[in-house]
Amino acid sequence: IAANVYSVPTVLRGWNLNYIAFTDSRAPKGADLNRISTTMPIVVSRIGNGSSLLNQAAFDAIGLDLATPGVEILDRDWSGWVWGEANHRAMDFVTASLTDGELGSAARATAQLALAQGVTTLHAIEGSFTGQGNGNQHRRNAMLDRLRPHLASLPITVVPLDSQLDSPKDLERIARDG
């Protein structure tokens with residue numbers, strides 16, 4: 001796991017964890033991440049972003065507790081895994097930690113990967129994490145707002161798709177903002 005995360009000043013984050021591919025195929029636990037750091041939050045999302053593994057520092061920084069829906073408990077103990085609402089909150093925490101430079105670098109790298117495969121148009125599906133976990137269903141899509149400036153300079157066409165559809169107010173916002 002340590003090899004799959006990269007460091008930023010405040011959060012270690014990793015993507016696309018597939019523990020089935022590990023030699024022992026044992027699902028890692030939060031305690032495994034605590035061995036890497038007990039002070040810096042670590043969030044590693046599983047393939048597809050449907051769940052994440054957190055260390056105790058991330059669990060505390062995000063403001064989760066054992067009563068939060070989606071916090072996995074095994075044998076009366078916190079496993080480190082979060083799903084549903086708790087995972088939305090974890091992904092919101094992680095995406096908020098990305099700098100504008102990192103967003104731009106990721107957008108450029110994604111464009112280059114697409115072009116290498118002959119793909120000239122992508123959909124950017126943004127918003128399903130940002131805001132939902134906090135129940136903020138009538139807000140602007142802050143992540144999409146941060147991503148848009150990086151899209152114009154890419155050598156491919158990116159069609160943003162605001163995937164936060166929690167209420168009729170979201171449809172009004174999408175119709176208004178595109």
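Residues numbered from 1 in each chain as written. Predicted model: local features only at pLDDT ≥ 70, side-chain atom pairs only at ≥ 80, totals over all residues. Heavy atoms only, no water.

Trainee: Is there a simple way to think about the packing of aromatic side chains in this case?
Mentor: Two descriptors summarise a pair of aromatic rings, namely the distance from one centre to the other and the angle between the planes of the rings. On inspection of all chains with the given rule, the structure shows three aromatic pairs. Members of the aromatic cluster, each reached through a chain of ring pairs, are Tyr 19, Trp 81 and Trp 83. (Phe/Tyr/Trp six-rings, centres within 6.5 Å; stacked < 30°, edge-to-face > 60°.)

Trainee: I'm lost on the environment of Ser 51 in this one. Help?
Mentor: Tracing the backbone through its elements, the reader meets Ser 51 in strand β4 (residues 51-54). In this structure Ser 51 comes out as buried when scored by relative accessible area, which is 1%. In this structure, the C-alpha to C-alpha distance between Ser 51 and Trp 81, residues 30 residues apart in sequence, is 6.9 Å. Apart from the residues within four sequence positions on either side, Ser 51 is in contact with Ser 45, Arg 46, Trp 81, Val 82, Trp 83 and Asn 87. (Helix = DSSP H or I, 4+ residues; strand = E, 2+ residues; numbered from the N terminus. Buried < 20%, exposed > 50% of the residue type's maximum accessible area, 1.4 Å probe, protein only. Contact = heavy atoms within 4.5 Å.)

Trainee: Teacher, can you tell me more about the pattern of salt bridges here?
Mentor: Pairing between side chains of opposite charge can happen when the charged atoms of each approach one another. One pass over the full model with this rule turns up two salt bridges. Close ionic contact of Asp 100 with Arg 146 constitutes a salt bridge, the shortest N to O distance being 3.3 Å. Of the two residues, Asp 100 is situated in helix α4 (residues 100-116) and Arg 146 in helix α5 (residues 142-151); the sequence distance between them amounts to 46 residues. Judged by relative accessible area, Asp 100 falls into the partly exposed class, the value being 44%. Overall, the relative accessible area of 23% leaves Arg 146 in the partly exposed class. (Salt bridge = Lys/Arg side-chain N within 4 Å of Asp/Glu carboxyl O.)

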